[in-house]
Amino acid sequence: MGISGYLERNHLLFGPMPSPKKEIVKKAVWWMKRDFRITDNECLFHAVKDAESVLPFFCWEYDVLNEGDYSSFHLQAQWEGLTGICQSLRSRGIESRVVSGEIVEQLDLLFKLFPFDVLYSHQETGNLVTFQRDQNVQKWCRERDVKWVEMNPSSVMRGGDADRRRLKLRQADYRKQEPLPIPLLSRVVPLVPGIGSQPPSWKEVTSFVPKFKGQPLNPSLTSVNEKSAHATLTSFLHERGIGYSGGISSPNTAFIHGSRLSSHLAWGTISLRTVFAHLDQRRLEVKDCQDRSHWLRSLRAFESRLFWRDHFIQRLEAFPVMEKKPLNSAYADLKYEDDPEILNAWVHGQTGYPIVDACMRCLQDNGFLNFRMRAMVVSFACYGLHLSWRTIHEPLARLFHDYEPGIHLSQLQMQAGVIGFNTIRVYSPTKQFLDHDPNGVFVHRWVKELRGRTTAEIANADEIPLDGYTPKVINLKDRAKEMKSRVFAIRKSANGKKITGDVLKKHGSRRSTAVRKKKTKKNTEVQMTLFKTL
């Protein structure tokens with residue numbers, strides 16, 4: 001048996017590596033996609049275990065880069081993640097191949113240089129472009145007699161719905177399994193010279209498509225690499241996380257007490273299984289702490305959101321056209337105005353509602369916002385501005401550094417009220433400001449026009465215009481009432497009830513009978529405003 005090194009709580013340990021299979025694959029390609037880590041990486045682990053020669057491969061795909069939901073925030077995240085993993089592999093003697101273009105063409109070219117037997121990649125639940133891309137790759141693999149092995153980095157079930165996923169989880173929950181060790185990379189046969197290639201510089205990667213040309217690096221964004229991911233997890237579980245419960249509703253304290261792992265999970269610099277393993281270990285450690293009750297309450301709240309994460313991604317897996325159609329077809333023809341000027345005002349934080357504008361300007365700067373504020377800006381857009389969830393999908397996705405399509409689309413439709421069985425919530429910006437930014441710290445930071453204004457003036461800005469600040473673009477109370485009546489008309493209709501029942505059965509959560517008896521309302525799923533901000 002060989003020896004393998006792996007990271008556990010940031011230390012390099014050693015343990016026995018499983019005996020190799022009898023049939024050794026000669027050549028394998030690990031297609032990295034959004035999978036930038038060597039710790040607990042099933043693709044890398046099994047490729048190294050089963051193959052004599054392994055080539056880590058990444059393609060900057062022009063179709064993905066040009067898609068409307070992809071922004072410079074995402075480009076920077078992928079570039080940092082890719083650069084980090086390539087450096088980590090190279091320090092261990094493994095060369096990577098990084099190219100740009102159309103994925104099938106690049107696989108064809110690679111196959112001529114390096115005729116491989118197996119293609120490893122993680123199972124991705126993405127937008128329609130990546131969905132079609134994966135179908136094209138599957139066809140290419142069949143034609144070349146290449147075995148494509150997709151490893152599942154979560155509890156999301158390929159092709160399944162919520163019911164099938166629940167059945168699978170009763171048998172085994174991937175998230176609670178022991179993280180895999182880092183394989184012994186030195187046993188891999190070196191590549192023939194000329195196949196490997198290094199990641200491009202930032203200047204080079206921004207020249208791939210016109211929309212990114214000349215784009216500078218944004219120092220305000222979270223650094224996306226494996227080292228940063230583990231440091232963030234450690235600081236959260238041992239320092240910042242004590243304030244998670246009760247500290248993530250405010251846009252001020254959420255930057256500190258939130259885990260800030262959402263970008264790392266979205267871009268694959270840490271695995272969900274690793275987070276659960278460290279969470280379980282920390283739960284044992286805090287039992288002897290003086291602040292035991294505070295820690296345990298916060299860790300439970302954090303774990304709850306980790307579990308819900310895959311539930312929302314499963315919806316997109318089961319309904320791949322979710323970016324175009326509502327999960328509940330009864331709401332397919334719900335009318336919106338979709339005024340482009342109003343959309344532009346919302347995106348750039350010029351609506352005349354201070355807390356809303358502060359949130360949007362914060363996103364423009366650093367790509368992060370806590371879950372409650374994300375829910376509020378979507379509710380405000382759909383119910384107040386009468387912008388469709390479809391219309392705001394791409395502009396908002398571009399602003400989320402931690403963009404995860406399945407969570408993003410599920411939450412958009414949930415906050416818009418078009419899922420059908422969730423509680424309809426229309427957030428009052430004034431109430432959110434007074435409850436979660438009572439001293440005006442957040443608004444003063446992001447809306448510079450209001451820095452000299454009192455909290456009372458800010459709270460009443462939608463009623464009493466302030467010099468130098470944008471007047472309100474709509475009357476929220478009247479507009480929200482109008483949109484709610486449209487949504488409720490569909491919800492109460494016979495057709496709406498019938499379709500909603502089917503959607504709830506297929507895509508809803510399940511709760512115990514004891515819990516259900518406490519509820520007076522029927523067909524009510526727990527309202528989660530996860531929005532990727534774990």
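Residues numbered from 1 in each chain as written. Predicted model: local features only at pLDDT ≥ 70, side-chain atom pairs only at ≥ 80, totals over all residues. Heavy atoms only, no water.

**Details of the sheet that holds strand S3 (residues 25-31)**
Whether parallel or antiparallel, the strands of a sheet pair through hydrogen bonds between backbone atoms.
Link 1 in the chain: Read from one edge to the other, the open sheet built from five strands follows the order S5-S4-S3-S6-S7, with strand pairing classed as parallel. What marks the edges here is a single partner per strand, and that holds for strand S5 (97-101) and strand S7 (147-151). The mean inter-strand angle of the sheet, taken between neighbouring strand axes irrespective of direction, is 25°.
Link 2 in the chain: Bridge count between strand S4 (residues 51-61) and S5: five bridges; the pairing is parallel. Bridging from a neighbouring strand, Trp-60 pairs with Ser-100 of S5.
Link 3 in the chain: Running over the sheet, helix H4 (residues 103-113) touches S3, S4 and S5 and is turned about 150° from S4.
Link 4 in the chain: Sheet strands touched by helix H5 (residues 128-144): S3, S4, strand S6 (118-122) and S7. Its angle to S7, the strand with the most contacts, is close to 145°. (Pairing = 2+ DSSP bridges. Helix = DSSP H or I, 4+ residues; strand = E, 2+ residues; numbered from the N terminus. Axes fitted to C-alpha atoms, helices over the stretch in contact; angles between N-to-C directions. Contact = heavy atoms within 4.5 Å.)

**Notes on the packing of helix H16 (residues 389-399) against helix H17 (residues 405-416)**
Link 1 in the chain: Closest axis-to-axis distance for the H16/H17 pair is 10 Å, and the angle between their directions is 140°. When the interaxial angle is binned, H16 and H17 end up oblique. In this structure, H16 crosses over H17, and the sense of that crossing is right-handed. Facing Trp-389, Ile-392, His-393, Leu-396 and Ala-397 of H16, the residues of H17 in contact are His-408, Leu-409, Leu-412, Gln-413 and Ala-416.
Link 2 in the chain: Grouping the constituent residues of the contact of H16 with H17 by class yields seven nonpolar, three polar and no charged. (Parallel < 35°, antiparallel > 145°, perpendicular 65-115°, else oblique. Left-handed = near helix turned anticlockwise from the far one by under 90°. Nonpolar A, V, L, I, M, F, W, Y, C, P; charged D, E, K, R; others polar.)

**Re unusual backbone geometry**
Link 1 in the chain: Of note in the backbone geometry, Lys-33 takes a positive phi value of approximately 50° without being a glycine.
Link 2 in the chain: Locating Lys-33 in the fold gives a position in the loop between S3 and helix H1 (42-50).
Link 3 in the chain: In the Ramachandran plot, Arg-260 falls in the positive-phi region, its phi being about 60° despite a non-glycine side chain.
Link 4 in the chain: With respect to the helices, strands and loops of the structure, Arg-260 is situated in the loop between helix H9 (254-257) and helix H10 (262-266).
Link 5 in the chain: Given the relative accessible area of 19%, Arg-260 is considered buried. (Buried < 20%, exposed > 50% of the residue type's maximum accessible area, 1.4 Å probe, protein only.)

**Considerations on the environment of Tyr-353**
Link 1 in the chain: Within the secondary structure layout, Tyr-353 lies in the loop between helix H13 (340-347) and helix H14 (354-366).
Link 2 in the chain: Judged by its relative accessible area of 3%, Tyr-353 falls in the buried class.
Link 3 in the chain: Taking the C-alpha atoms as reference, Tyr-353 lies 8.5 Å from Thr-470; in sequence the two are 117 residues apart.
Link 4 in the chain: Beyond its immediate chain neighbours, meaning those up to four positions away, Tyr-353 contacts Phe-380, Pro-429, Asp-462, Tyr-469, Lys-472, Ile-474, Asn-475 and Leu-476.

**Observations regarding the pattern of salt bridges**
A side chain with one charge may pair with a side chain of the opposite charge, provided their charged atoms come close.
Link 1 in the chain: Scanning the model with the defined rule gives 25 salt bridges in all.
Link 2 in the chain: Between Glu-61 and Arg-133 there is a salt bridge, and its shortest N-O distance comes to 2.6 Å. With Glu-61 in strand S4 and Arg-133 in helix H5, this pair connects stretches of sequence that are 72 residues apart.
Link 3 in the chain: The salt bridge partner of Arg-90 is Glu-95, with a shortest N-O separation of 3.3 Å.
Link 4 in the chain: Connected via shared salt-bridge partners are Lys-33, Glu-61, Glu-124, Arg-133 and Asp-134. (Salt bridge = Lys/Arg side-chain N within 4 Å of Asp/Glu carboxyl O.)

**Comments concerning empty space enclosed by the protein**
With a probe scaled to a water molecule rolled over the atoms, the places where space remains empty come into view.
Link 1 in the chain: Under the definition given, this model contains seven cavities of 30 Å³ or more.
Link 2 in the chain: Roughly 330 Å³ of volume is contained in the largest cavity.
Link 3 in the chain: In terms of lining residues, the largest cavity is bounded by 21 residues, among which His-122, Pro-153, Leu-265, Arg-309 and Glu-404 are the most central.
Link 4 in the chain: Only H10 and helix H12 (292-318) provide two or more residues apiece to the lining of the largest cavity.
Link 5 in the chain: Its residues assigned to classes, the lining of the largest cavity shows eight nonpolar, seven polar and six charged.
Link 6 in the chain: The computed volume of the second largest cavity comes to approximately 270 Å³.
Link 7 in the chain: When residues of the lining of the second largest cavity are traced back to their parent elements, those giving at least two are S4, helix H2 (62-65), helix H3 (72-90) and H5.
Link 8 in the chain: Top element by residues in the lining of the second largest cavity is S4. It accounts for four residues.
Link 9 in the chain: In terms of residue class, the lining of the second largest cavity is built from 10 nonpolar, five polar and six charged. (1 Å grid on protein atoms, 1.4 Å probe; cavity = no way out; pocket = protein on both sides within 12 Å on 5 of 7 lines; lining within 4 Å. Points joined across faces, edges and corners; volume = space filled by probe spheres on them.)

**Remarks on the packing of aromatic side chains**
Link 1 in the chain: Going through the model one piece at a time under the given rule, you end up with 17 aromatic pairs.
Link 2 in the chain: Plain terms: the ring middles of Phe-255 and Phe-368 are 4.9 Å apart, the flat faces sit at 75° to each other, and that makes the pair edge-to-face. Here Phe-255, found in helix H9, pairs with Phe-368, found in the loop between H14 and helix H15 (371-384); they are 113 residues apart in sequence, far enough to count as distant.
Link 3 in the chain: Look at Phe-255 and you get partly exposed, because its relative accessible area is 22%.
Link 4 in the chain: Grouping aromatic residues by their ring pairs yields a cluster made of Phe-36, Phe-58, Trp-60, Tyr-62 and Phe-208.
Link 5 in the chain: Directly above the aromatic system of Phe-371 lies the positively charged group of Arg-305, at a separation of 5.0 Å from the ring centroid. (Phe/Tyr/Trp six-rings, centres within 6.5 Å; stacked < 30°, edge-to-face > 60°. Lys NZ or Arg CZ within 6 Å of the ring centre and 35° of its normal.)

**Describing the pairing of S3**
Link 1 in the chain: Of all seven residues in S3, five are buried; the element is thus mostly enclosed.
Link 2 in the chain: Alignment of S3 against S4, held across six bridges, turns out to be parallel. Bridge assignment links Val-29 to a residue of S4, and that residue is Leu-55.
Link 3 in the chain: With H1 bridging S3 and the parallel S4, this β-α-β connection has right-handed handedness.
Link 4 in the chain: Summarising the sheet, S3 and S6 pair through three bridges and their orientation is parallel. Paired with Ala-28 across the two strands is Val-118, which belongs to S6. (Right-handed = clockwise from strand over helix to strand, strands pointing away.)

**Focus on H12**
Link 1 in the chain: The terminal C-alpha atoms of H12, which comprises 27 residues, lie 40 Å apart, in line with the 39 Å expected from a rise of 1.5 Å per residue.
Link 2 in the chain: The element H12 is extensively covered by neighbouring structure, given that 19 of its 27 residues are classed as buried. (Expected span 1.5 Å × (residues − 1).)

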